[in-house]
Amino acid sequence: MSDPILTVTDLRVSYGRVEAVRGVSFSAEPGSLVTLVGANGAGKSSVINAVSGMLRPAGGRITFEGCDITRTPAHKLVAQGLVQVPEGRQILATLTIEDNLRMGAWHTGGTAQQSMDAMYERFPVLAQRRALPAGALSGGEQQMLAIARALVAKPTVMLMDEPSMGLAPKIVDEVFRVIGEIRASGTTVVLVEQNARRALRAADHGYVLQNGAVVHSGPAVGLLADERIVQAYLGVETGRAGEDGRAGP
Amino acid sequence: MQQLLNGIFIGSIYALFAIGFTLVFGILDRLNLAHPAVFAASAFVGIELVERGGLSLWAALPIVFVFGAVLGLLIERLAFRPLKGRADAHFAGLISSIALAGMVIALLQWRYGPDTRRFPAGSFPDTRYEVAGAQVTLVQVVILGVSLALMVGLTYMVTRSRLGRGMRAVAENPTAARVLGVNVDRITAVTFAISSALGAVAGVLFAINVNTAQLGMGSAIELKGLAVIIVGGMGSLPGALIGGLVLGLAEVFAVQYIGSSWRDVIAFGLLFVILLLRPQGLLGARKVREV
Ligand SMILES: Nc1ncnc2c1ncn2[C@@H]1O[C@H](COP(=O)(O)OP(=O)(O)OP(=O)(O)O)[C@@H](O)[C@H]1O
Ligand SMILES: [Mg+2]
């Protein structure tokens, strides 16, 4: 076991008087895939956004590669290698696909042509349409663009917030295949999903969130094998067509 | 021909003023109503640089450019940044920038008094050219050259440079820009600085063109600037350029052929008609991200 590359200790996040995250702790080993699962409103995005510096935690401590980053703003973290694929993709719809990818390398100050070319090779759909506005892509293609754009930043830790949201089953498979590749390339992945079974099957370690707190955690296989957890938190599939058949009890 | 040229000279100044105005709107979705005060302040500062500093007109221009940029940073810091988290940030920024503009004008009055000011005699070179039967002064040629160069430079910067790409990303989706590692606060400040620098140069050029600076010159151009950016398409840089030239030409021809009291009626009437025909503006709204 090596030291974790990312640790979150007793994280708290509030929106005004609403406490969305109340003391969440988790950590990720270098090169591992960790998933945070839970229902709507469990606080998953709040955790991810606090880690990526998009919002300021109300309390707790976050370290990345041994450094305290609890109050480090997002634009500095991207340069340090902590990169987020945000919920809802957040592509720049009126900018071209090429410009979207280029924005992934914003922090380098250069054009990052090499890593962009690598992305075009990996995602041929993007290459064909590089001069089109990104809004012209389908939902699944936009998700690939969002992932490719984050990869251009050369992350050491990639935070992914519901990358399968709203996608057709075949595309979800594709997304999870790409996530597997990213992880295989040595990048640490923190994956947030409502699609809990699917995420746990891909993950090394899992954390189940409920009402802003971790209610279960452990090796992903263990969580999947535990009947009570499956029944209580993962039993109800989130209504995504195509998942039920595969994920049945 | 003479009128056509005069219209283009004054129109290029309107365009330069308006393009700064529309830049902040197009990228940050904010209307900076302190922009006209920058225009006025720079005219006075430009005259002072020539009068007291003994600089030539041309040496004053880059200094005024920097002065405008600094004013822009102050405007952003004082009138916009403190309000940015508010739900009504648009409206709040409108009001606070009006307040700041009032303060700038009051400071100008305190320093320079209420009277009209002019460049000292002999500041203008008398070189003249004959263009197709019309008289053109070197000063006018420089005014046109400087405004066009700044506008072309700005458009190139926004469409081609890394900074411009960052601006377009912020215009499109500030949250996404932040996720990608863009320091949105810095882009915001730079946008204000560039916008105000252009407004400042427009102010001196205007003062040079008519050899006059008045406290009211900001409010006089404010409405024109707003009309130009609405007609050009809110946030559209080329739209502001075309709109400015159209307004300048309309004014000059109205004065020439109808009478000077009709100037505003004709000019704004024309803009009104354009808007009726093309409600989205000449070049559509918010093109700044797409150009
Ligand atoms: N900007 C906000 N202002 C106020 N409350 C918020 C805000 N964002 C989230 N919340 C609240 O915080 C709680 C946690 O939200 P969060 O988005 O982190 O959940 P989530 O697990 O990501 O949900 P989902 O699966 O729907 O994305 C919810 O109760 C939500 O209503
Ligand atoms: Mg969420």
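Residues numbered from 1 in each chain as written. Chains lettered and ligands numbered in written order. Predicted model: local features only at pLDDT ≥ 70, side-chain atom pairs only at ≥ 80, totals over all residues. Heavy atoms only, no water.

As recorded by an unreviewed UniProt entry, chain B carries the name Amino acid/amide ABC transporter membrane protein 1, HAAT family and is attributed to Blastococcus mobilis. We quote the UniProt Sequence similarities (unreviewed entry) comment for chain B here in full: "Belongs to the binding-protein-dependent transport system permease family. LivHM subfamily." As recorded by UniProt, the Subcellular location (unreviewed entry) comment attached to chain B reads in full: "Cell membrane". (UniProt positions renumbered as here; feature names shortened; annotations may be inferred.)

Looking at an unreviewed UniProt entry, one finds chain A named Amino acid/amide ABC transporter ATP-binding protein 2, HAAT family, with Blastococcus mobilis as its source organism. Taken verbatim from the UniProt record of chain A, the Sequence similarities (unreviewed entry) comment is "Belongs to the ABC transporter superfamily."

**Structural notes on the interface of chain A and chain B**
Facing 21 residues of chain A, the contacting portion of chain B comprises 19 residues. Both faces considered, chain A and chain B share a buried interface measuring about 2,000 Å² in area, 62% of it formed by carbon and sulfur atoms. Remark: the boundary between chain A and chain B carries one salt bridge. With a closest N to O distance of 3.2 Å, B:Arg168 and A:Asp99 form a salt bridge. The interface formed by chain A and chain B includes seven residue pairs in polar contact (both at pLDDT 80 or more). Among the secondary structure elements, those contributing two or more residues to the side of chain A that touches chain B are α2 (74-80) and α3 (97-104) of chain A. (Contact = heavy atoms within 4.5 Å. Buried area = accessible area lost by both parts, 1.4 Å probe. Salt bridge = Lys/Arg side-chain N within 4 Å of Asp/Glu carboxyl O. Polar contact = N/O pair within 3.5 Å; in protein donor to acceptor, adjacent residues only side chain to side chain. Helix = DSSP H or I, 4+ residues; strand = E, 2+ residues; numbered from the N terminus.)

**Quick notes on the coordination of the magnesium ion (ligand 2)**
Residues and elements named next belong to chain A. Here the magnesium ion (ligand 2) is held by the protein donor atoms Ser45 (OG) and Glu87 (OE), which lie 1.9 to 2.2 Å from it. Residue serine 45 is located in helix α1 (residues 44-51), and its partner glutamate 87 is located in the loop between β6 (82-85) and α3; the two are separated by 42 residues in the primary sequence. By relative accessible area, which is 17% here, serine 45 ends up buried. Take glutamate 87: its relative accessible area is 33%, and that puts it in the partly exposed class. (Donors = N, O, S within 2.8 Å, 3.2 Å for Na, K, Ca; no water. Buried < 20%, exposed > 50% of the residue type's maximum accessible area, 1.4 Å probe, protein only.)

**Focus: the site of ligand 1**
Residue and element names in this part refer to chain A. Inspection of the region around ligand 1 gives 13 residues, with Asn40, Lys44, Ser45, Ser46 and Glu87 positioned closest. The contact in question runs from an oxygen atom of ligand 1 to an N or O atom on the backbone of glycine 43, over 3.0 Å. Taking serine 45, its side chain carries an N or O atom lying 2.7 Å from an oxygen atom of ligand 1. Sort the elements by how many residues they give to the shell around ligand 1 and α1 lands first, with three residues. In terms of residue class, the shell around ligand 1 is built from four nonpolar, six polar and three charged. (Near = heavy atom within 4 Å. Nonpolar A, V, L, I, M, F, W, Y, C, P; charged D, E, K, R; others polar.)

**Regarding the packing of aromatic side chains**
One pass over the full model with this rule turns up eight aromatic pairs over all chains. Grouping aromatic residues by their ring pairs yields a cluster made of B:Phe17, B:Phe21, B:Phe39 and B:Phe206. Directly above the ring of A:Tyr120 sits A:Arg130, whose terminal nitrogen or CZ lies 4.0 Å from the centroid. For B:Arg162, the ring lying beneath its charged end belongs to A:Trp106, and the centroid distance is 3.9 Å. (Phe/Tyr/Trp six-rings, centres within 6.5 Å; stacked < 30°, edge-to-face > 60°. Lys NZ or Arg CZ within 6 Å of the ring centre and 35° of its normal.)

**Looking at the pairing of strand β4 (residues 59-64) of chain A**
Residues and elements named next belong to chain A. Two elements, strand β1 (residues 6-15) and β4, share five bridges in a ladder whose sense is antiparallel. Its bridge partner lying in β4, valine 8 is registered against isoleucine 62. Both β4 and strand β5 (residues 67-68) contribute to a ladder of two bridges, which runs antiparallel. Of the residues in β5, the one forming a bridge with threonine 63 is aspartate 68. The loop that links β4 with its antiparallel partner β5 comprises two residues; one of these, glutamate 65, has a positive phi angle of about 50 degrees. (Pairing = 2+ DSSP bridges.)

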